[in-house]
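What follows is each chain in one-letter form.
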Amino acid sequence: RITSREQVDFLQKLYQESLPVDLSYQQMVKERLLLERGEDYALYGKSGWDVSKKQHRGWLVGWLEKEDKVYYYATHIDINGSKDAAKRKEVTRRILQELKLI
């Protein structure tokens, strides 16, 4: 198991390209995590889904680049089936919009 804080710590190392992995692999992973690009931001993330328990958990972790700043996030929500899968990104976007970041 990995905590939200541990996920964000890992993402910070990936973003800073300081993982003990070849630099070219880190750059390739970062490029593939791009979810969307707006006029003044870029949203990166990776989703996941834990089905090991009765109540499924979904998550989206990543970062937002905006105006030379980086904001890391880890969103975890309950999932009741594939119809809820898109909510991971929807919830994250709503929060970022409320914070006036996107």
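The present account deals with the structure reproduced in this document.

### Description of helix α1 (residues 4-15)
Okay, so step 1: If you check α1, its first and last C-alpha atoms are 16 Å apart, about what 12 residues at 1.5 Å a residue would give, namely 16 Å.
Okay, so step 2: All buried positions along α1 are accounted for by Q7, V8, L11 and L14. Buried positions in α1, seen along its axis, are confined to an arc of 115° and lie on one side of it.
Okay, so step 3: Against the buried residues of α1 lie α2 (23-32), β3 (56-66) and β4 (69-79).
Okay, so step 4: Note on α1: the residue one or two positions beyond its end, E17, has a positive phi of about 55°.

### A short note on the pattern of salt bridges
Okay, so step 1: All chains considered together, the criterion is met by 8 salt bridges.
Okay, so step 2: Of the charged contacts in the structure, one is a salt bridge between E36 and R93, with a shortest N-O distance of 3.0 Å. Of this pair, E36 sits in strand β1 (residues 34-37) while R93 is found in helix α3 (residues 87-98), placing the two residues 57 residues apart along the sequence.
Okay, so step 3: Here the salt bridges share partners, and the residues they tie into one network are E36, K89 and R93.

Parameters and conventions
- Residues numbered from 1 in each chain as written.
- Predicted model: local features only at pLDDT ≥ 70, side-chain atom pairs only at ≥ 80, totals over all residues.
- Heavy atoms only, no water.
- Helix = DSSP H or I, 4+ residues; strand = E, 2+ residues; numbered from the N terminus.
- Expected span 1.5 Å × (residues − 1).
- Buried < 20%, exposed > 50% of the residue type's maximum accessible area, 1.4 Å probe, protein only.
- Arc of directions from axis to C-beta.
- Contact = heavy atoms within 4.5 Å.
- Salt bridge = Lys/Arg side-chain N within 4 Å of Asp/Glu carboxyl O.

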